[in-house]
Amino acid sequence: MEKKNLMYEGKAKKVYETEDPQLLIVSYKDDATAFNGLKKGSISGKGVINNKMSNLLMQMLEKSGVPTHFVEELSDRETVVKRVKILPLEVIVRNISAGSFAKRYGVEEGIVFAEPTIEFSYKNDGLGDPLLNSYHAAALGLCTWEEMETVKKYAFAINDCLKAFWKSCGVTLVDFKIEFGKLSDGTIVLADEISPDTCRLWDSKTGEKLDKDRFRRDLGGTEEAYVEVMRRLCEHI
Ligand code: UDP
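Read on for an overview of the structure. (Residues numbered from 1 in each chain as written. Predicted model: local features only at pLDDT ≥ 70, side-chain atom pairs only at ≥ 80, totals over all residues. Heavy atoms only, no water.)

To continue, consider the packing of aromatic side chains. Each aromatic ring pair is specified by the distance between its two centres and by the angle formed by the two planes. In the structure shown here, the tally under the stated rule is five aromatic pairs. Between F101 and Y105 the ring centres are 4.8 Å apart and the planes differ by 65 degrees, which places this aromatic pair in the edge-to-face class. In this pair, F101 and Y105 both sit in helix α2 (residues 99-105), four residues apart, roughly one turn of the helix. Following the ring pairs from residue to residue traces out a cluster consisting of F101, Y105 and F113. Directly above the aromatic system of Y16 lies the positively charged group of K3, at a separation of 5.0 Å from the ring centroid. (Phe/Tyr/Trp six-rings, centres within 6.5 Å; stacked < 30°, edge-to-face > 60°. Helix = DSSP H or I, 4+ residues; strand = E, 2+ residues; numbered from the N terminus. Lys NZ or Arg CZ within 6 Å of the ring centre and 35° of its normal.)

This is the structure:
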């Protein structure tokens, strides 16, 4: 499988067409951005870790019954995925208060919820990804009610699976963002990536942040944190 035209270049990935119209090749970069692109930088080796971590976690989720876009890892940074139409929704599941949730509701970080929460934002950089509910998504025609129900069901199933897995690695899954896509036959599958760029991962014992918050908040040791979570994942998968 070879890369053809560059179809899209995002903040952290490039997406190429292939000779098969149903398949794309994703290439992970080390570039990092935060705060809707206001903060820019690079996390050395991140692309390799995010590629491999996302692929391993997606294969684990497939086994637990969640369909994903994953097809085949080609190299350290490149993976073949199914072509999908991305639903313009960022789906965020939270187990513990942090980040924008803590800020919006004026609560401290670290409150453990009795049950996980879910929220959606409209994927639109120009508008700063505004928060929306299911009614807004339906009104805007972003997805059907049935698709929204499928997305919610998968999102909580993904949380159950990932939370238990990370726990076995001595890592607490605080929250994460996922995106879904539609195959040409309408099937909803998990797409995009699952990595320390898109999840909050705290060391279960020390509470140390092992994710992109190290970059966002200039805490230092970002590369080392990505390497450490990847090491734990490989030991326990
Ligand atoms: N997140 C993401 N991309 C975004 C916004 C959030 O991957 O554009 C992830 C983030 O890493 C965290 C979760 O979604 O794991 C919840 O993020 P939050 O809403 O608290 O926003 P943030 O504090 O990152 O702005």
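That shown, we press on.
The topology assignment puts E119 in strand β10 (residues 112-122). For E119, a relative accessible area of 11% translates into the label buried. A distance of 2.8 Å separates the side chain of E119 from the side chain of R94, its partner in a polar contact. (Buried < 20%, exposed > 50% of the residue type's maximum accessible area, 1.4 Å probe, protein only. Polar contact = N/O pair within 3.5 Å; in protein donor to acceptor, adjacent residues only side chain to side chain.)

Turning our eyes to something else, we now look at the site of the ligand. Taken together, 14 residues lie around the ligand, and R94, S100, D175, R200 and R216 are the ones closest in. One of the side-chain nitrogen or oxygen atoms of S100 is found 2.6 Å away from an oxygen atom of the ligand. Interatomic distance of 3.5 Å between a backbone N/O atom of D197 and an oxygen atom of the ligand. Elements with a contribution of two residues or more to the shell around the ligand: β9 (89-96), α2, β12 (171-182) and β14 (199-203). Of the residues contributing to the shell around the ligand, the split by class is four nonpolar, three polar and seven charged. (Near = heavy atom within 4 Å. Nonpolar A, V, L, I, M, F, W, Y, C, P; charged D, E, K, R; others polar.)

With that out of the way, let us pick up a nonpolar patch on the surface. Taken together, the side chains of Y105, V107, I111 and L131 define a hydrophobic patch exposed on the protein surface, amounting to about 330 Å² of accessible area. Relative to the helices and strands, V107 is located in the loop between α2 and β10. (Patch = residues over 30% accessible without salt bridge, like charges linked within 9 Å, V, L, I, M, F, W, Y side chains within 5 Å. Areas by Shrake-Rupley, 256 points an atom, 1.4 Å probe, with all protein chains shown as cover. Salt bridge = Lys/Arg side-chain N within 4 Å of Asp/Glu carboxyl O.)

Our next topic: the pairing of strand β3 (residues 23-28). Most of β3 sits out of view: six of its six residues are buried. Residues L23, I25 and S27 point to one face of β3 and L24, V26 and Y28 to the other, with burial holding for every one of them. Relative to β3, strand β2 (residues 13-17) is paired through five bridges, and the arrangement is antiparallel. What sits directly across from V15, in β3, is V26. Here β2 hands over to β3 after five residues, the two strands then running antiparallel side by side. In terms of strand pairing, β3 meets strand β7 (residues 78-82) through five bridges, oriented antiparallel. Along β7, the bridge assignment pairs I25 with V80. (Pairing = 2+ DSSP bridges.)

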